[in-house]
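# Examining the three-dimensional arrangement
For reference, the chains in residue letters:
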Amino acid sequence: MQRMGGGPMGRGFMTEEEKKNRPKVTKELLFRVFSYLRPYWKQFLLILACIAVSSLLALYPNILTGRIVDALAEKQGVDILVKLILLSLGVTIGSSLIGVGQNYLNSWIAQHITFDMRNKMYAHLQQMSQRFFTTNNQGDIITRMTSDIGGVQSVITGTFTSILSNSITLIAALTVMYQRNWMLATLGVLVIPLFVLPSRRAGKTRWELTRESQACSDEINGILNETLSVSGQMLVKLFGKEQYEYDRYKDANSRMIRLNIKESMAGRWFFMVISVFSSIGPMLLYLVGGILMMQYGQDITVGDITVMVSLLGRMYGPVNQLLNIQVEWIRSMALFTRIFEYFDLPVEIENAPDAIVPKSADGSVEFQHVNFSYDPERKILHDVSFTLQAGHSVAIVGPSGSGKSTIINLIPRLYDCQEGRVLFGGTDVKKLDLSFLRGHVGIVSQETYLFNGTIRDNLLYAKPDATEAELIAACKKANIYDFVQKQELGLDATSALDSISEAKIQEAIEPIIQTRTSILIAHRLSTILAADEILVVKDGRIVERGQHGQLVKAGGVYTELYETQFKKALETEA
Ligand code: ATP
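Note that this is a predicted model, so its numbers are computed, not measured. (Residues numbered from 1 in each chain as written. Predicted model: local features only at pLDDT ≥ 70, side-chain atom pairs only at ≥ 80, totals over all residues. Heavy atoms only, no water.)

Within the protein, the regular secondary structure consists of 19 helices and 9 strands. Taking all 574 residues of the protein together, 42% fall into the buried category. If you take every contact in the protein between residues at least 6 apart in sequence, the share linking residues at least 24 apart comes to 76%. On the protein, roughly 31,400 Å² of surface is accessible, and the fraction owed to carbon and sulfur atoms is 58%. (Helix = DSSP H or I, 4+ residues; strand = E, 2+ residues; numbered from the N terminus. Buried < 20%, exposed > 50% of the residue type's maximum accessible area, 1.4 Å probe, protein only. Contact = heavy atoms within 4.5 Å. Areas by Shrake-Rupley, 256 points an atom, 1.4 Å probe, with all protein chains shown as cover.)

This is how it looks when you write it as structure tokens:
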């Protein structure tokens, strides 16, 4: 039996949606797809050779069958017969062995290409600004990284290989057939559509019926869910809709029955069509071959006709698969287009071409008339200006949503401001080397945030070059040194800890960062009191600034915050 549709039912047909979103296959796209193969061209050539050799070898037994039949018919001798049979066996084993090697190479290349793509994509995504991550669904991002790029593997191991091996098989089979007898060969070519077209038609009908019955079954489930729930039944009863719902259900159900019967009959027709047409071809070849041989005395042997028939049988599969390849090819191109779309997203925040890497930075920060918005419609920061001198610390306080995090995020360039300037160590952050800048800006987040790792990892994340003594001092300062010592592994205990210990470790991280100039969003009064200056932010503006003592007395936003938040926090802490 020949393979139908090259695999699971329907793989060879496109849905309306796929037809609508058909990708434009341009020279550039193809060039780009193949550029991923370039580093592996040697292995790729080897695969090509394997495919060519194994496809040709796989046909050879069919040709040998003809010789075997002739040897039998002409009584050429048992030794010749045995030789031919052994040869045929050997060739089969050889081509299978090459197939194994080809499979290995194939998955080797596919794995390496997806490895390259994944790494490239990951590096690219890491360059994307915060804006990208806030506006894109995380699920979509992960899908591109995992299943889309994973799909590339099957394109390489499936689509490309299938195109090559099927084309080679077809061309080789046709060449051999035409060498034997052009008339019979032409006849063979003419009967191929007789087999292929009806079976595709039947396949498509089945595929459509399956989709229709899927939709119908969804509808039935919908009715059941709607009407057999507690609230649904109540509505049905209250509005006296029993008969109406019953009719609706019965109607969908009877449609389903008709579809099911049609579907199973389409299956039957499909098998019938295939068996009739696949036997018509050989019969025609036997008939015409026989007539040519017996009535016209043409120089054809029984073996020749046998070869023709068996090669014809070998052609149906590749023809079918190549017809399906068109759809698979379009799907593959759609896949690559989606992946490349991500690669082409511009990097919003990147190093300036002449980025400066200062020998050292004093850590001072200055905001000069900064205006900022996440989207053009809504301005978030209005004319924010302040200076934070080296070695000093600033605490930013303000109501929720006032723009505290936004101000802070502009310093390490998680976003770029639209107007005004942000200076770090006296240089505009947009002109500084990004890794230098981010390596030197210390931010204490307002949320406790620890990643999975040891306590040491977490502390070192804040300051990678901290010495053991600094780490211990930090732990002592946060009163977690005893706690750390109690852990069997000390600092190398994992940080899967309860929230109290987590908060303590977070506290230990703060002083480490504070060895640098620091700017912190403060919710705890103790942190605020430790700062050299307090900036009070409201609606994206700095509305008050100064020290705790003055601000509390001023009777403004800070006083209110103090009364409503800090005092309460203090009481709870106490
Ligand atoms: P909180 O104390 O609640 O964390 P905050 O003072 O840190 O607030 P920001 O997070 O800076 O305030 O937010 C300031 C304003 O900007 C808010 O109105 C917020 O809705 C908006 N905003 C914050 N992040 C984004 C974003 N990625 N895209 C669009 N708007 C944002």
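Attention now moves to the sheet that holds strand E2 (residues 381-388). A sheet is described by the order of its strands in space; here 4 strands give the open sequence E2-E1-E4-E5, paired in antiparallel fashion. Where the open sheet ends on each side, the last strands, each with one partner, are E2 and strand E5 (427-428). Where strand E1 (residues 365-372) and E2 come together, 5 bridges link them in antiparallel fashion. In the strand pairing of E2, Glu-366 is matched with Thr-387. (Pairing = 2+ DSSP bridges.)

Glancing now at the pattern of salt bridges. Evaluated as defined, the whole model comprises 11 salt bridges. Between Arg-32 and Asp-344 there is a salt bridge, and its shortest N-O distance comes to 2.9 Å. Residue Arg-32 is located in helix H2 (residues 27-35), and its partner Asp-344 is located in the loop between helix H10 (302-343) and E1; the two are separated by 312 residues in the primary sequence. Exposure remark for Arg-32: the relative accessible area of 26% places this residue in the partly exposed category. Between Arg-180 and Asp-304 there is a salt bridge, with its nearest N and O atoms 3.3 Å apart. With Arg-180 in helix H6 (residues 138-180) and Asp-304 in helix H10, this pair connects stretches of sequence that are 124 residues apart. (Salt bridge = Lys/Arg side-chain N within 4 Å of Asp/Glu carboxyl O.)

This next bit is on the packing of aromatic side chains. The tally for this structure, following the rule as stated, stands at 12 aromatic pairs. For the pair Phe-372 and Tyr-415, a centre-to-centre distance of 5.8 Å together with 65° between the ring planes defines the contact as edge-to-face. Linking Phe-372 in strand E1 with Tyr-415 in the loop between helix H11 (404-410) and strand E4 (419-424), this pair joins segments that are 43 residues apart in sequence. Among the residues examined, Phe-372 registers a relative accessible area of 1% and is labelled buried. Centroid distance Tyr-374 to Tyr-415: 4.9 Å. Interplanar angle 85°. Geometry classified as edge-to-face. Residue Tyr-374 is found in the loop between E1 and E2, and its partner Tyr-415 is found in the loop between H11 and E4; the two are separated by 41 residues along the sequence. Relative accessible area serves as the criterion here: at 6%, Tyr-415 is assigned to the buried category. (Phe/Tyr/Trp six-rings, centres within 6.5 Å; stacked < 30°, edge-to-face > 60°.)

On to helix H3 (residues 41-73), then. For H3, built from 33 residues, the straight-helix expectation of 48 Å at 1.5 Å per residue is met to within 8% by its first-to-last C-alpha distance of 49 Å. Residue Lys-75 follows H3 closely and has a positive phi angle near 50°. (Expected span 1.5 Å × (residues − 1).)

Here the focus is the site of the ligand. Lining the immediate environment of the ligand, one finds 14 residues, of which Arg-378, Ser-400, Gly-401, Ser-405 and Thr-406 sit closest. Separating an oxygen atom of the ligand from a side-chain N or O atom of Ser-400 is a distance of 2.6 Å. Notes on the ligand: free accessible area 630 Å², of which the protein chains cover 69%. If you tally residues by element for the shell around the ligand, the top one is H11, at 3 residues. Classifying every residue of the shell around the ligand gives 4 nonpolar, 8 polar and 2 charged. (Near = heavy atom within 4 Å. Polar contact = N/O pair within 3.5 Å; in protein donor to acceptor, adjacent residues only side chain to side chain. Nonpolar A, V, L, I, M, F, W, Y, C, P; charged D, E, K, R; others polar.)

Looking now at a nonpolar patch on the surface. Taken together, the side chains of Leu-194, Ile-257, Ile-261, Met-265, Trp-269, Met-272, Val-276 and Ile-280 define a hydrophobic patch exposed on the protein surface, amounting to about 720 Å² of accessible area. Structurally, Met-265 can be placed in helix H9 (residues 242-294). On the accessibility criterion, Met-265 (40% relative accessible area) is partly exposed. (Patch = residues over 30% accessible without salt bridge, like charges linked within 9 Å, V, L, I, M, F, W, Y side chains within 5 Å.)

Below, the discussion takes up the packing of H6 against H10. Where H6 contacts H10, the axes come no closer than 6 Å and their chain directions differ by 155°. Of the possible angle classes, the one that applies to H6 and H10 is roughly antiparallel. Seen from above, H6 lies across H10 with left-handed handedness. Grouping the constituent residues of the contact of H6 with H10 by class yields 25 nonpolar, 8 polar and 9 charged. (Axes fitted to C-alpha atoms, helices over the stretch in contact; angles between N-to-C directions. Parallel < 35°, antiparallel > 145°, perpendicular 65-115°, else oblique. Left-handed = near helix turned anticlockwise from the far one by under 90°.)

What follows covers the pairing of strand E9 (residues 541-546). Within a regular beta strand, the side chains point alternately toward one face of the sheet and then the other, so they alternate between its two faces. Alignment of strand E8 (residues 533-538) against E9, held across 5 bridges, turns out to be antiparallel. Paired with Lys-538 across the strands is Arg-541, a residue of E9. Between the end of E8 and the start of E9, which pair antiparallel, lie 2 residues, with Asp-539 showing a positive phi angle near 45°.

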